[in-house]
Amino acid sequence: MLLNIDKVQKSYPGGRPVLRDVSLTLDHGQTLALTGESGSGKSTLLNLAAALDSFDGGEITLDGTALSPLDDRGRAALRRQSVSLVFQQFNLIPSLTVGQNLSFHARLANREDTGWSAQLAERLGLADLLTRYPENLSGGQQQRVAIGRAMAVRPKLLLADEPTGNLDETASANVLDLMLSLVAETGAALLLVTHSQDIAARLDRQAHLAGGHIV
Amino acid sequence: MNARVWLVVLILLQPIASWAQGYAGLGGSADGFDVPKRDYQFEFPRDHGPHPTYRIEWWYLTANLTGEDGRDYGIQWTLFRSALKPSEADGWQSPQLWMGHAAVTTPETHYFAERLSRGGIGQAGVAADPFEAWIDEWYMRGPDLNTVSLSASGAEFAYDLDLTAQGPLVFHGDAGYSVKSADGQASYYYSQPFFEVEGVLNLPDGDVAVTGHGWLDREWSSQPLASDQTGWDWFSLSFDDGDKLMAFRLRGGRGDFTAATWISPDGTTTPLPNGSASFTPLNTTRVAGRDVPTEWHVTLPDRGLDVEVSAMTPDAWMATQFEYWEGPVTVKGSHTGRGYLEMTGY
Amino acid sequence: MTFAIVQALLSHWRRHRLQLATLLIGIALATGLWSAVQAINAEARASYQRASDQLALGLYDTLRDPSGTIAVDRYVALRRAGWQVSAVLEGPVRIAGRTVQVMGVDMVTYPALPAMTQTEQSDAPPDPSDMLTAPGRLLATPELAEHLKSQTELPPIVVSDAVPPDLILTDIGVAETLLNRPRQISRLVILPDQPRGVPALSEIAPDLQRVEASAQLDTQRLTDSFHLNLTAFGLLSFAVGLFIVNGTVGLAFAQRRAMIRTLRALGVSMRRLVWMITAELTLLALIGGALGLVLGFFLAGALLPDVAATLRGLYGAPVDGQISLQPEWALAGLGMALGGTFLASGHALFRLSRMPILTGAGVQSWRSSTSGQRFSFLIGTALITGGFAIGYTVEGLVAGFAMVGGILTGAALVLPYFLTLALSVFQRRARGPVAQWVWADMQAQLPGLSLALMALLLALAANIGVGTMVSSFRLTFVGWLDQRLTSELYVTARDDQQGKEIAQWLGPQVDAILPIRNVELTHETGPLFLYGVVDHETYRDHWPLIASSDSAWDRVLTDQAVLINEQLARRADLWPGDMLTLNAEHTLTIAGVYSDYGNPTGQAIVSMQQLDLIAPGAETRQFGIRVSPERATELAQALRDRFDLSRQAVVQQAAVKAQSLAIFDNTFVVTSALNVLTLGVAGFAILTSLLTLWTQRLPQIAPVWALGLTRAQLARLELLRSVLLAALTAVLALPLGLVLAWALLAVINVQAFGWRLPMFLFPVDWAYLFVLTLLAAAVAAALPALRVLRLPPADLLRVFANER
């Protein structure tokens, strides 16, 4: 089992519970869409799975590593090595060029594969944009760079939170297609948070989050 | 001059200001200074020199002159000595202070100058024999007091005059003991009123040769005024018939105190006691912000004197540190002549 | 409506209290440092003016005897020739371990002395006859009176506020006893009204020298350069403070763009908004300015005693150690605060007024615009070039400061360009992704930080420059003291007679007796002190000549030539081979120029025979005694015992050196204090800039954090970034500081003091300053770094979600 979420609880500061006893599993190569209303806690769950934040109860195991005993440093190492992330916005490091952004995560994880990176840039239509800075790219282009950067690590698990949420329909479809095909190609597992049923329908499984539970 | 308030007080407060304005502190005690006594035996030339153990002393010369141009002139040359302590010392340590006043009065204008000096360093002083009184470049110098040359200068005037005495010294009051108030304050006081004068006045318009008559007063004391006395009017008159008159009035809260000396051409004196003479202002002139009597009715019934005395130049104001009026006068009435008038305390 | 707008505008400050505090502190610091310097200058100038007024100095021409003092008989002779002159005897006297100036005037003839008049008009005026007769009275300030109280042998003291500090005013009769100079007069004041027909002074007193009132040595003129120095420092501090204001106002405006856009959309005219923001800035400037005045007042109060000590020590200028609040000063300070605030916010205000109504409120492009940088580089280069051009072509102290100002401003403007250049090189060389990001990120942050870094550059350069100048000066000065103070003992006799006796007694016991005699002459450049020397190896071997012709000493000692000090040489542009006119009869060839520090006036040296020819009356009271060093102490005591001399009258070499060095060190206490303050302000500027950049920081670090860096790592990188930028700036500040030091030593000093100093380098000091800079940068970045460390992940995550 690649990702095992077991009875996880999480409250916002102030005590309002967001997640109560959420359990979920994801196997290698599987894709899972996590849907739910705004504020249902789907992004929170994804962030917990990505070792970005700590949780109050239960356990999450990622590729055999239990997350709850990890400190800041352990979680950072896990993010570096075991997951890739694509967010809705501000994925990129503004001070680095597209090229530098693309390879940043892979280099950080010591897994840079220049051939693969070049192939990714080509396939994502970024080859001509490598020396540009993120602020000079369109939203679709920025998200493609984010996907490229995520896939450059050849991750076992890709976590994506509304990756097309800020894009128009065409760009959105384009980005989603690219992401799904790359995931399929590399055998990565995908946990995708979305509010769109259309998008959710394109994935292997779906889970719906409401009232702090998976329903 | 300037607002040297401190210095004004310094030099004048004790002797002269009190003389004129009745400074209360001097009414009685003389703070270790000698005081004049009756029956003093004058000794000359010694007594022409300074008396440092007395608080105040002066050599006071005035002259009525006529120029080659036919105009009348008056001159004043005065050296005051004032002692802070009844002693003398060398250099800056001397407690003696000196002040010189000089003036030339023309029918239109009054020029004056003032000099100040410490004793002890030689800048000012008086030597009895041979006689010399000086402050800065001003001097009254003789072989003796019968023959003196006189010099003074200011920014606008200068004069050089030769004086020759034509008569004896004249002693006022009781043989030189001159009483100044009903309480008995007194000074030593003698004069040489018989100087014949000739010389040159140097005025802004040029030199004027002059001749005329001069009158020297010598006076020293330590406690000259009564506490209520506020000022005085002093007359020295030379009549055309050869007689001369010294008369003064000390104005006081308890009434005036007057005294006079009638001087015959041969120098014989007749002292006239308090009340003999009367002085009535007839007219005043606005000078330096004050009303100063410049026309007087003076009578001395004992001598049949009934005259009108008028200032030649009404604004003969001495705007020195201690201010007063001093200038030539003309006499008309029962007697005619010329003279000098000094008025303080206005 | 106005109220609603005001409320909307002010709500910004309520939400950003730290920003408000920063802005006010910035204004207050700028105003405070500037005002402190102004207050010190004003107080010192007021002191000179007061002293000069109180003593009626510079109103009258004076007569002096170049060869020494005037005898009282001489004074009387002039008086008796008709000249209206008045006598003054003055000199220093050491009482209870403190040197005070005694001014004795002939109270009877001296013209109006405001000090006396005021004293007389006081509540308890002294009795005039007490003033003039023994023991006399001494007029002194309350402070000095307190110091003199215990001295029972002194005449009674009359306390007066109308007397300058450190001066005893008294009658000349008292002064001659106090100074032990009976029947001597220092100078005669020529009164304005002279009688008719006085003989010309040239006939009756050809030996006395008439000095015009306007030509008299004026304390104010003498100390002008010192005050200009202080002013320059004050201006530098002010500029550094303005960097803070500029940064904060820029941020506040940027953050309020959205609100302003909303207000405009609601129908508020731009004109009205600009007007109201102007009013708001005015209010802030006034509050900050008022705080600055308070700060400046206390700062000036703290610094003034040292300044006063310096001015007294270096120039003998009387300065009160007490600061008093003057309305002009407060107004000027507020004016500077207002002017400075608008200068610093003008650009932001202008941009705001030009903002189209529909411009996005988003984060402005933060990548440095290369064209703007190039423009400021060009301006900066032009300023540096202009600065050097002025320095080389125009004479004068102001030109010197213009040069330094041009170079400093220019250097500040080219700084961002150089930093960008350096950072690109580092980025290209960086291997690891994190390193690459750090360099790239620093480059991105540069525009926001460049003003603060400019401030740091200026502060560092000033520190290095002034430090190098002071240290070079000190090193030179110590070496010069060693050369110049070769005699083991220095003896001052009471008068010529005692001088003769001392010389006679010492003759057989010592290696050499070197008389030190001088007279004061005047030269077109100011007073000129002429010294006579005897032939001795002490001079030949040790005298510090900086320029000389062949066999200079031989020619001087055979009466053919003269040596002059550097001050005179530079002021009058006289060098070996030129002629120096000492007076109407004496003109000599200049054989050499010697360095002469610590005295502002011109000096010349001739043989003793020449001195006697020029000024026969010169005193022979001072001697340098050559004796084996181990005998010096014993001999000094023997001299004191035998001739009843005070400790001050027989001084050993070491004591003179120590005293000279103490005065020297005192001179630069204020400079150092201002230096440290400027550096502190620069550090604060970095802090405010970092805080300003904070809001733009999250989108920069959130992705990096998400990709696997811990917050602790990020916090460390925050510190490192600040330290690295400061280090880069410091590296660039070093050459700038050295250029500044060179300018101070070779241009400013020559103009201000009349001497040029060799430059020495002090790498240890630089290292120390470098460490201090890094520390300051680390401290400045500590707060933002701590924030990163404590940042809740939720805040970082919010960056990525849309609900921001």
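The rules behind the values
Residues numbered from 1 in each chain as written. Chains lettered and ligands numbered in written order. Predicted model: local features only at pLDDT ≥ 70, side-chain atom pairs only at ≥ 80, totals over all residues. Heavy atoms only, no water. UniProt positions renumbered as here; feature names shortened; annotations may be inferred. Pairing = 2+ DSSP bridges. Helix = DSSP H or I, 4+ residues; strand = E, 2+ residues; numbered from the N terminus. Buried < 20%, exposed > 50% of the residue type's maximum accessible area, 1.4 Å probe, protein only. Arc of directions from axis to C-beta. Contact = heavy atoms within 4.5 Å. Polar contact = N/O pair within 3.5 Å; in protein donor to acceptor, adjacent residues only side chain to side chain. pLDDT = per-residue confidence, 0-100. Buried area = accessible area lost by both parts, 1.4 Å probe. Salt bridge = Lys/Arg side-chain N within 4 Å of Asp/Glu carboxyl O. Domains from an automatic or database assignment. Nonpolar A, V, L, I, M, F, W, Y, C, P; charged D, E, K, R; others polar. Patch = residues over 30% accessible without salt bridge, like charges linked within 9 Å, V, L, I, M, F, W, Y side chains within 5 Å. Areas by Shrake-Rupley, 256 points an atom, 1.4 Å probe, with all protein chains shown as cover. Lys, Arg positive; Asp, Glu negative; His and termini not counted. Charge placed at Lys NZ, Arg CZ, Asp CG, Glu CD. Axes fitted to C-alpha atoms, helices over the stretch in contact; angles between N-to-C directions.

- An unreviewed UniProt entry annotates chain C as ABC transporter permease of Ruegeria profundi.
- Under the Subcellular location (unreviewed entry) heading, UniProt states for chain C: "Cell membrane".

- Looking at an unreviewed UniProt entry, one finds chain A named ABC transporter ATP-binding protein and attributed to Ruegeria profundi.

**Observations regarding the sheet that holds strand E8 (residues 189-193) of chain A**
Part 1 of the reasoning: With mixed pairing, the six strands of this open sheet are ordered in space as E6-E7-E8-E3-E9-E10 (chain A). This sheet does not close on itself; its edge strands, each paired only once, are strand E6 (83-86) and strand E10 (213-214) of chain A.

**Digging into helix H4 (residues 114-123) of chain A**
One full turn of an α-helix is made of 3.6 residues, so residues set three or four places apart face in the same direction.
All names here are of chain A.
Part 1 of the reasoning: Regarding H4, the residues found buried are Trp116, Ser117, Leu120 and Ala121. End-on view of H4: buried residues confined to an arc of 140°, all on one side of the axis. Opposite the buried face of H4, at more than 90 degrees from it, the exposed residues are Thr114 and Glu122.
Part 2 of the reasoning: As for H4, its buried residues are in contact with helix H3 (98-108), helix H5 (139-152) and helix H6 (169-186).
Part 3 of the reasoning: You can read the cap of H4 off the contacts: a side-chain oxygen lies 3.2 Å from the backbone nitrogen of Gly115, and it is on Asp113.

**Looking at the confidence of the model for chain A**
As a general rule, the predicted coordinates of low-pLDDT regions are not to be interpreted in detail.
Part 1 of the reasoning: A residue-level look at chain A finds 100% of positions with pLDDT of 70 or above and a mean pLDDT of 89.
Part 2 of the reasoning: Within chain A, E10(A) has the poorest average pLDDT of any element, 84, and E8(A) the best, 92.

**Quick word on the interface of chain C and chain A**
Part 1 of the reasoning: Contact residues are listed per partner, giving 33 residues for chain C and 28 residues for chain A.
Part 2 of the reasoning: Counting each side, the surface lost to burial between chain C and chain A is near 2,800 Å², with a carbon and sulfur contribution of 57%.
Part 3 of the reasoning: At the surface where chain C touches chain A, the tally comes to one salt bridge.
Part 4 of the reasoning: A salt bridge links Arg711(C) to Asp72(A); the nearest nitrogen and oxygen atoms lie 3.1 Å apart.
Part 5 of the reasoning: For the pair chain C and chain A, the interface holds nine residue pairs in polar contact (both at pLDDT 80 or more).
Part 6 of the reasoning: Residue assignment for the side of chain C that touches chain A shows that the elements contributing at least two residues are helix H15 (433-484), helix H24 (698-706), helix H25 (711-752) and helix H27 (793-798) of chain C.
Part 7 of the reasoning: Counting residues per element, the side of chain C that touches chain A draws most heavily on H15(C), at seven residues.

**Structural notes on the domain arrangement of chain C**
Residue and element names in this part refer to chain C.
Part 1 of the reasoning: On domain assignment, one finds that chain C holds domain 1 (1-57 + 224-360), domain 2 (59-215), domain 3 (372-484 + 663-804) and domain 4 (489-627).
Part 2 of the reasoning: A separation of 30 Å is found between the C-alpha centroids of domain 2 and domain 4.
Part 3 of the reasoning: On the domain 4 side, the residues contacting the six residues of domain 2 number nine residues.
Part 4 of the reasoning: Our count for the domain 2 to domain 4 interface comes out at zero salt bridges.
Part 5 of the reasoning: Applying the counting criterion to the domain 2 and domain 4 interface returns zero residue pairs in polar contact (both at pLDDT 80 or more).
Part 6 of the reasoning: When grouped by side-chain class, the residues that make up the side of domain 2 that touches domain 4 number one nonpolar, four polar and one charged.

**Focus on the pattern of salt bridges**
Residues and elements named next belong to chain B.
Part 1 of the reasoning: Evaluated as defined, the whole model comprises 41 salt bridges over all chains.
Part 2 of the reasoning: Ionic pairing is found between Asp47 and Arg46, a salt bridge with its closest N-O pair at 3.4 Å.
Part 3 of the reasoning: With relative accessibility at 0%, the residue Asp47 sits in the buried group.
Part 4 of the reasoning: Since its relative accessible area comes to 41%, Arg46 is described here as partly exposed.
Part 5 of the reasoning: With a closest N to O distance of 3.1 Å, Arg141 and Glu132 form a salt bridge.
Part 6 of the reasoning: The exposure class assigned to Arg141 is partly exposed, which follows from its relative accessible area of 33%.
Part 7 of the reasoning: A residue is classified by how much of its surface remains accessible, and Glu132, at 16% relative accessible area, is buried.

**A word on a negative patch on the surface**
All names here are of chain B.
Part 1 of the reasoning: Negative charge collects at one region of the surface, where Asp160, Asp162, Glu196 and Glu198 lie side by side.
Part 2 of the reasoning: Elements with a contribution of two residues or more to the negative patch: strand E9 (158-165) and strand E12 (186-203).
Part 3 of the reasoning: In this fold, Asp162 is placed in strand E9.
Part 4 of the reasoning: Owing to a relative accessible area of 45%, Asp162 belongs among the partly exposed residues under this scheme.

**A word on the sheet that holds strand E5 (residues 138-140) of chain C**
All names here are of chain C.
Part 1 of the reasoning: Read from one edge to the other, the open sheet built from eight strands follows the order E6-E5-E7-E4-E3-E9-E1-E10, with strand pairing classed as mixed. Sheet topology places strand E6 (157-159) and strand E10 (209-211) at the edges, where each strand pairs with a single neighbour. Across the sheet, the mean angle separating the axes of adjacent strands is 30° when strand polarity is ignored.
Part 2 of the reasoning: Summarising the sheet, E5 and strand E7 (residues 167-171) pair through two bridges and their orientation is antiparallel. Within the sheet, the bridge partner assigned to Leu139 lies in E7 and is Leu169.
Part 3 of the reasoning: Lying on the sheet, helix H3 (residues 72-80) is in contact with strand E1 (62-64), strand E3 (85-95) and strand E9 (187-190); it crosses E3 at an angle near 160°.

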